[in-house]
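The primary structure of each chain is shown beneath.
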Amino acid sequence: METIIETKELTKIYNPQTTHKVVALKNISMSIQQGSFVSIMGKSGSGKTTLINILSTIDEPTSGHVYLLGQDTYLMSEKQKAEFRKEKIGFVFQDFNLMDFLDVKENIILGLRLNKINIKDKEKDIQEIVDELDIKDILDKYPFECSGGQKQRIAIA
Ligand SMILES: Nc1ncnc2c1ncn2[C@@H]1O[C@H](COP(=O)(O)OP(=O)(O)O)[C@@H](O)[C@H]1O
Ligand SMILES: [Mg+2]
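Fair warning: this is a prediction, and the values are worked out from it, not measured in the lab.

**Some thoughts on the domain arrangement of the protein chain**
Alright, step 1. Its domain assignment divides the protein chain into domain 1 (3-88) and domain 2 (104-156).
Alright, step 2. Computed over C-alpha atoms only, the centres of domain 1 and domain 2 are separated by 29 Å.

**A word on the pairing of strand β3 (residues 63-68)**
Alright, step 1. Across five bridges, the pairing between strand β1 (residues 3-14) and β3 is antiparallel. Note on β3: the bridge partner recorded for Thr-7 is Val-66.
Alright, step 2. Summarising the sheet, β3 and strand β4 (residues 71-72) pair through two bridges and their orientation is antiparallel. What sits directly across from Tyr-67, in β4, is Asp-72.
Alright, step 3. Counting the residues between successive antiparallel strands, the hairpin from β3 to β4 contains two residues, one of them, Leu-69, with a positive phi of roughly 50°.

**So, the side chain of Thr-57**
Alright, step 1. Take Thr-57: it is sitting in the loop between α1 (48-55) and β3.
Alright, step 2. Relative accessible area serves as the criterion here: at 5%, Thr-57 is assigned to the buried category.
Alright, step 3. Among all residues touching Thr-57, those that are not within four sequence positions of it are Leu-68, Thr-73, Lys-81 and Arg-85.

**Let's talk about the site of ligand 1**
Alright, step 1. Taken together, the neighbourhood of ligand 1 is formed by Tyr-14, Asn-15, Val-22, Ala-24, Lys-43, Ser-44, Gly-45, Ser-46, Gly-47, Lys-48, Thr-49 and Thr-50.
Alright, step 2. The separation between an oxygen atom of ligand 1 and a polar main-chain atom of Ser-46 is 3.3 Å.
Alright, step 3. Here Gly-47 contributes a backbone N or O atom positioned 3.0 Å from an oxygen atom of ligand 1.
Alright, step 4. Of all the elements in the fold, those that place two or more residues in the shell around ligand 1 are β2 (22-33) and α1.
Alright, step 5. Here the shell around ligand 1 takes three residues from α1, the largest share from any one element.

**Let's talk about the packing of aromatic side chains**
In this description, an aromatic ring pair is defined by two values, namely the gap between the centres and the angle between the planes.
Alright, step 1. This model, assessed by the stated rule, comprises one aromatic pair.
Alright, step 2. Ring geometry for Phe-91 against Phe-93: centres 5.5 Å apart, planes inclined by 15°, an arrangement best described as stacked.
Alright, step 3. Accessibility expressed as a relative area gives 30% for Phe-91, which makes it partly exposed.
Alright, step 4. For Phe-93, a relative accessible area of 37% translates into the label partly exposed.

**Focus on helix α3 (residues 104-114)**
Alright, step 1. Every buried residue of α3 is listed here: Val-104, Asn-107, Ile-108, Ile-109 and Leu-112.
Alright, step 2. Those residues of α3 that are buried are in contact with α4 (119-132) and α5 (148-156).
Alright, step 3. Put simply, Asp-103 is the residue that caps the front of α3, since its side-chain oxygen is 3.2 Å from the backbone nitrogen of Lys-105.
Alright, step 4. Taken from the residues just after α3, Lys-116 is the one with a positive phi, measuring 55°.

**Focus on the side chain of Lys-81**
Alright, step 1. Within the element layout of this structure, Lys-81 appears in helix α2 (residues 78-88).
Alright, step 2. Taking the relative accessible area as the measure of exposure, Lys-81 reaches 5% and is therefore buried.
Alright, step 3. Engagement of the side chain of Lys-81 in a polar contact is seen with the side chain of Glu-60, the distance being 3.1 Å.

Scoring rules and cut-offs
All residue numbers here refer to positions counted from 1 along the written sequence of the relevant chain. The order in which chains are written sets their letters, starting at A; the order in which ligands are written sets their numbers, starting at 1. With pLDDT at 70 or above as the cut-off, local features in this predicted model cover only qualifying residues; side-chain atom pairs require 80 or more to be listed or tallied, and sums for whole chains, interfaces and linings still use all residues. Think of the side-chain values as coming from all heavy atoms in the structure, minus any hydrogens and water. What fixes the domain bounds is an automatic or database domain assignment. Pairing between strands is defined by DSSP: at least two bridges between them are needed. Under the DSSP-based scheme used, a helix requires at least four consecutive residues in state H or I and a strand at least two consecutive residues in state E, with every element numbered from the N terminus. For every residue, the accessible area obtained with a 1.4 Å probe (protein chains only) is divided by the maximum for its type, and the residue is called buried under 20%, exposed over 50%, and partly exposed between those limits. Contact criterion: two residues are considered in contact whenever any of their non-hydrogen atoms come within 4.5 Å of each other. One heavy atom suffices: a residue is near a molecule or strand as soon as one of its heavy atoms comes within 4 Å of it. Pairs of N or O atoms are called polar contacts if they sit within 3.5 Å, as long as, within protein, a hydrogen donor faces a hydrogen acceptor (for residues adjacent in sequence, only side-chain-to-side-chain pairs). Aromatic contacts are taken between Phe, Tyr and Trp rings whose centres are within 6.5 Å, Trp giving its six-membered ring; a plane angle under 30 degrees counts as stacked, one over 60 as edge-to-face, and the others as tilted.

And the structure:
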């Protein structure tokens, strides 16, 4: 099986060389295989968000390396990282980050629009995904009309 995420000796120190110094991550080495589901658990303040932010290239480690699909993120420019996030990484945020002024279907296809993908070519894929996630009956609703679980599935879609 292919390794899709790998870290070597990741360390993150916030505010180094100050009295507010916080060692949030210390020498984290791990690898995640394609197709696996991984949960990161730990008490509040243990570094989960810091780790996710670094794995997703939103933040940078103080030392150590992250390899995404074999690429060393340290060697990627900000522009390359932005492209990588757009094309390869999906996020579902705790508060879902749906667009309140767009209906459910428009929220789902927003990512396609941003990538300038022809929606008509993707209609079949969209149908499959909304079927699988059981949200086809709420496609013309707005996020405020949906339950928490529905909003989560819309974000996944
Ligand atoms: N931007 C920041 N500046 C300084 N310290 C931070 C910052 N973000 C998080 N921390 C500290 O780093 C540690 C890990 O935080 P975090 O990754 O948010 O933990 P978790 O998500 O597991 O609750 C905590 O001690 C937190 O106070
Ligand atoms: Mg957190």
